[in-house]
Amino acid sequence: MLSLVCVSRADEGVVGSVKTAISLAREALRDGLWDIARLYARKDSSEESKLIVLESYAHEGNWKEIGNILSRWGDSPKGEVYLYYQAMLSGDYESALKHLKTASRDGKVGEEVMLEADLLAKKGDRGAAEELWRKVITDTNSTDRAFVIAAVNLGDVDALRQAQKKSLSSNFALLVSVRLGEVLLDKPNTLAEGERIVRAAVKSAPDTPGAKEAFLKLGRIKNLSGEWQAASSIWADAMEIWPSEALSADLHLSQGETFLKLGKFKDALSSFENAQKLAKPKSSQMSYAWLLQGDTLSKLERVEEAMKCYRKVLSDCPEIEIAGKLRRAVEIMEMETKGREFFKEYAFENARKMFASVSEADPKRKHRMQYLEVLCLYGLGHDEMALEKVRNLVQKCPDEGVRADATLWLAKYMFNKGEWKESSHLFQAYEQVAPSSSAAPDALGWAAKASFADGDYNIAIQISTLLAEKYPKSQALTGALLVQGESLIELARYTDALLVLERISSDEKLGREDRIHAQLLVADALFALGADDSRRYLAALKAYRALRFGGLLDDSGKITVSFRIGRTLEKLNRYEEAVDEYYTRVVLSYRDGRANGILFDDSAKAAFSRAAFRLADDHEGRGRDFQAMNILRLVSTSDVPAAKEAAHRLERISKKGRLL
């Protein structure tokens, strides 16, 4: 709708330096300055001033105020324009069009072509309206304002670009910009330009008519083109920029569907729950929100909760088109739930049969059920059958989620079997298939451990570095860095190892045993570096002692570290202290511990044996064979692998016949 007030050429050039209130009102109306137009119009008492006020409100869509003005019209003449507004107010567009044409013949209406087009559009005759708008943009006598609105209504790119060049008020310029941006979004070759224009308009003037609609359209385009992260950001921005959209069930549904595609199931569930709360009771929005909640819960393996959502859809909206299929889906999910219950009760054969029934009833669930059958076969002890099925899923399954789960299961199985190389490859493959899953960082951590166990230290370092780069905030990172540090030590890169291990040795994210191991590796690296710099031996001695007195070591750990302390004292030429350490804190501690029923681990047994042999060698070297044999008897009568070696040494020394 444009001007219902006749603006003549003579009016546009008011003679003299002072313009009347009515002429100023006309100019403000022409420039789209609705508040200013009303301000000046209300200073005049003519019928024309009333029409200016009416039209300013019509442009703002404030029909409530128009109704108030018409109700106070009083005894003033009620011409065709008055009747036009009354018809528009009541929605009688047919009558409004008749009054418009009559007013036009009476010479009371300017730019009636635009008004007629507007009414035709409201009547639903879009084709006829477009013909009139095209007439306006091709007519050289059309006013700039008429040209702009016609271009906006048509969505004609060339006309909109021309409109941008005209001298417009800021409001009209923004209107044109938003509409141009929206139209440019429709074609791939102009999409980038359209996005730039729409984003700029939303940033500078989000309340511009059409800005919100164009922005949401951009979100839908991003979603359809697979740019789900961008779409997700647009939905979030829309709720922040226009708070009313945060109360839109439709927008929460769109946001949830985008999260689903991103694999962010918990976020998706939250969005669908919000949509369900905001939707009208028993509406299509409500049923759709319940349905999508069920689908999301199903993906999260929360089958019982999913079925509650599906049943809610059936109870509230039994007449919806999907109800029949949904009933069957609920029946199938109930079978699956029963299978899972059997599985939890270790009734693996019954669970397997139930999963097979689900697979037959719903081909879409076939691969998921095959994976669950693998777990049942493993539970039944049919490892070979389980392996055959799971390998088939890993290699051929089209369902990415199932393939990822199968890969992770097989990786763990191979790790437990000591198949380090294959296990490492499988853990890495899982991370590549499901990089956004919560288990992805852990998978890389296990891959690094498997490569280390396989003796492939360079690969272990590469995997640990990859984990640090991709998942810097992961809980798995500290453990992976421990593997990296130990790998560097194995490669004799002690300085590099120290840089890594000192960073994590006091990290509370490490478990107790891993923290002890890290601190022990730090000390070992310092000891290794002592060959080139004796000061490193002192640092290693300090580190070993700090570890022994740190309160973290168990009985086995204390003996192991005490042996390392003795070895370090030897390197520092402090032989008497080293002998005392070997004897009192290693050999005697082990003997007394065994007498008290303490069971030591392999490291402690090795430390005890090596310390005893070191003492025996020292005594024998000084000609004290009797003392050497006493030490060796402690080993030969102990539960250590070196007992036989100690017996051989005893036999050798006894043949010398020098027992004093």
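Quick note: structure is the one above.
A brief look at the structure comes next. Small disclaimer: the values here were computed from a predicted structure and weren't measured.

Considerations on the overall build of the protein chain
Logical step 1: Within the protein chain, the secondary structure is distributed over 36 helices and zero strands.
Logical step 2: Among the 660 residues that make up the protein chain, the fraction classed as buried is 45%.
Logical step 3: When contacts within the protein chain are restricted to residue pairs at least 6 apart in sequence, long-range pairs at least 24 apart make up 48% of them.
Logical step 4: Accessible area for the protein chain stands at about 33,700 Å²; split by element, carbon and sulfur atoms hold 50% of it.

With respect to the pattern of salt bridges
A side chain with one charge may pair with a side chain of the opposite charge, provided their charged atoms come close.
Logical step 1: The final tally for this structure, using the stated rule, is 32 salt bridges.
Logical step 2: The partner of Arg179 in a salt bridge is Glu182, and the shortest N-O contact between them spans 3.3 Å. Remark: Glu182 and Arg179 occur in helix α12 (residues 170-184); sequence separation between them is three residues, near one turn of the helix. Take Arg179 and Glu182: they sit in the same class, and that class is buried.
Logical step 3: Of the charged contacts in the structure, one is a salt bridge between Glu336 and Arg340, with a shortest N-O distance of 2.9 Å.

Quick word on the packing of aromatic side chains
Logical step 1: Counted by the stated rule, this structure contains 14 aromatic pairs.
Logical step 2: One aromatic cluster is present, formed by Phe415, Trp420, Phe427 and Trp446 through successive ring pairs.
Logical step 3: Arg649 extends its terminal NZ or CZ atom over the ring of Phe613, reaching a point 4.1 Å from the ring centre.

Concerning the packing of helix α30 (residues 512-529) against helix α31 (residues 535-548)
Logical step 1: Two elements in contact, α30 and α31, have axes separated by 7 Å at closest approach and are oriented at 160°. Overall, the two elements α30 and α31 adopt an arrangement that is roughly antiparallel. Taken as a pair, α30 and α31 cross one another with a handedness that is left-handed. On the side of α30, the interface is formed by Ile516, Gln519, Leu520, Ala523, Asp524, Leu526, Phe527 and Leu529, while α31 contributes Arg536, Tyr537, Ala539, Ala540, Ala543, Tyr544 and Leu547.
Logical step 2: Its residues assigned to classes, the contact of α30 with α31 comprises twelve nonpolar, one polar and two charged.

Examining the side chain of Arg340
Logical step 1: For Arg340, the location among the structural elements is in helix α20 (residues 323-344).
Logical step 2: Setting aside residues no more than four positions away along its own chain, Arg340 makes contact with Glu301, Val303, Phe355 and Leu372.

Some remarks on the environment of Ser357
Logical step 1: Within the fold, Ser357 resides in helix α21 (residues 348-361).
Logical step 2: A C-alpha to C-alpha distance of 8.7 Å links Ser357 and Ile332, two positions 25 residues apart in sequence.

Quick notes on unusual backbone geometry
Only a minority of non-glycine residues have a phi that is not negative, and only a minority of peptide bonds are not trans.
Logical step 1: At Tyr346, a residue that is not glycine, the phi angle is positive and equals roughly 65°.
Logical step 2: With respect to the helices and strands, the residue Tyr346 is situated in the loop between α20 and α21.

Digging into a negative patch on the surface
Logical step 1: On the surface, a cluster of negative charge is contributed by Glu513, Asp514, Asp554, Asp555, Asp601 and Asp602.
Logical step 2: Assessed through its relative accessible area of 34%, Asp514 is described here as partly exposed.

Digging into the nonpolar core
Soluble globular proteins tend to pack their nonpolar side chains together in the buried interior.
Logical step 1: One finds Tyr371, Trp409, Leu410, Leu501, Tyr544 and Val635 to be the most contacted residues of the largest nonpolar core, which totals 107 residues.
Logical step 2: If near-sequence neighbours (up to four positions away) are discounted, Tyr371 is found in contact with Leu393, Val402, Asp405, Ala406 and Trp409.
Logical step 3: Residues Ala117, Val136, Val152 and Val183 belong to the second largest nonpolar core, which totals 24 residues.

Considering the packing of helix α26 (residues 440-453) against helix α28 (residues 476-490)
How two helices pack is summed up by the angle between their axes together with the distance between the axes.
Logical step 1: For the pair α26 and α28, interaxial distance at closest approach is 9 Å and the crossing angle is 20°. Here α28 runs roughly parallel to α26, going by the angle between their axes. Handedness of the crossing formed by α26 with α28: left-handed. Taking contact as the criterion, the partners of Pro441, Asp442, Ala448, Lys449 and Phe452 in α26 are, on α28, Ala476, Val483, Glu486, Ser487 and Glu490.
Logical step 2: Among the residues making up the contact of α26 with α28, the classes are represented as five nonpolar, one polar and four charged.

Here's the deal with helix α11 (residues 157-164)
Two residues of an α-helix separated by three or four positions point the same way, owing to the 3.6 residues in each turn.
Logical step 1: Taken as a whole, α11 has its buried residues at Ala159, Leu160 and Ala163. End-on view of α11: buried residues confined to an arc of 100°, all on one side of the axis.
Logical step 2: Of the surrounding secondary structure, the elements contacted by the buried residues of α11 are α9 (126-138), α10 (144-154) and α12.
Logical step 3: The N-cap of α11, judged by a side-chain oxygen 3.1 Å from the amide nitrogen of Asp158 a few residues on, is Asp156.

Conventions used here
Numbering of residues starts from 1 in each chain and follows the order in which that chain's sequence is written. Per-residue local features are limited, in this predicted model, to residues with pLDDT of at least 70; the limit for side-chain atom pairs, both in listing and counting, is 80 or more; totals at the level of whole chains, interfaces and linings are taken over all residues. Excluded from the side-chain calculations are hydrogens and water; all other atoms, namely the structure's heavy atoms, are used. Strands here mean DSSP runs of E at least two residues long; helices mean DSSP runs of H or I at least four residues long; both are numbered from the N terminus. Between buried and exposed lies partly exposed: a residue is buried under 20% and exposed over 50% of the maximum accessible area for its type, with that area taken using a 1.4 Å probe on protein chains only. Residues are treated as being in contact if the distance between any of their heavy atoms lies within 4.5 Å. Note on areas: Shrake-Rupley, 1.4 Å probe, and residue coverage restricted to the protein chains presented here. Note on definitions: salt bridges are taken to be side-chain nitrogens of Lys or Arg within 4 Å of carboxyl oxygens of Asp or Glu. A pair of Phe, Tyr and Trp rings is counted when the ring centres sit within 6.5 Å of each other, with Trp represented by its six-membered ring. The angle between the planes then sorts it: under 30 degrees is stacked, over 60 is edge-to-face, the rest tilted. We call a charge positioned over a ring when the NZ of a Lys or the CZ of an Arg lies within 6 Å of the ring centre and within 35 degrees of the ring normal. Here an axis means a line fitted to C-alpha atoms, over the contact stretch when the element is a helix, while the angle between two N-to-C directions is reported on a 0 to 180 degree scale. Here the angle decides the label: under 35 degrees means roughly parallel, over 145 means roughly antiparallel, 65 to 115 means roughly perpendicular, and every other value means oblique. Handedness of each helix crossing follows the sense of rotation of the near helix against the far helix: counterclockwise by less than a right angle gives left-handed, clockwise gives right-handed. Each residue gets one label: Ala, Val, Leu, Ile, Met, Phe, Trp, Tyr, Cys and Pro are nonpolar, Asp, Glu, Lys and Arg are charged, and the others, such as Gly, are polar. Residues form patches when they are more than 30% accessible in relative terms and have no salt bridge. Like charges link within 9 Å. Nonpolar side chains (Val, Leu, Ile, Met, Phe, Trp, Tyr) link within 5 Å. Counted as positive: Lys and Arg. Counted as negative: Asp and Glu, with His and the chain ends omitted from the count. Charged groups are reduced to one reference atom each: NZ for lysine, CZ for arginine, CG for aspartic acid, CD for glutamic acid. For the purposes of this section, nonpolar cores are sets of buried Ala, Val, Leu, Ile, Met, Phe, Trp, Tyr and Cys residues that join through side-chain atoms within 4.5 Å. To be clear, the arc concerns the directions from the helix axis to the C-beta atoms. In protein, a polar contact requires one atom able to donate a hydrogen and another able to accept it; more generally it is a pair of N or O atoms within 3.5 Å, and residues adjacent in sequence count only if both atoms are side-chain atoms.

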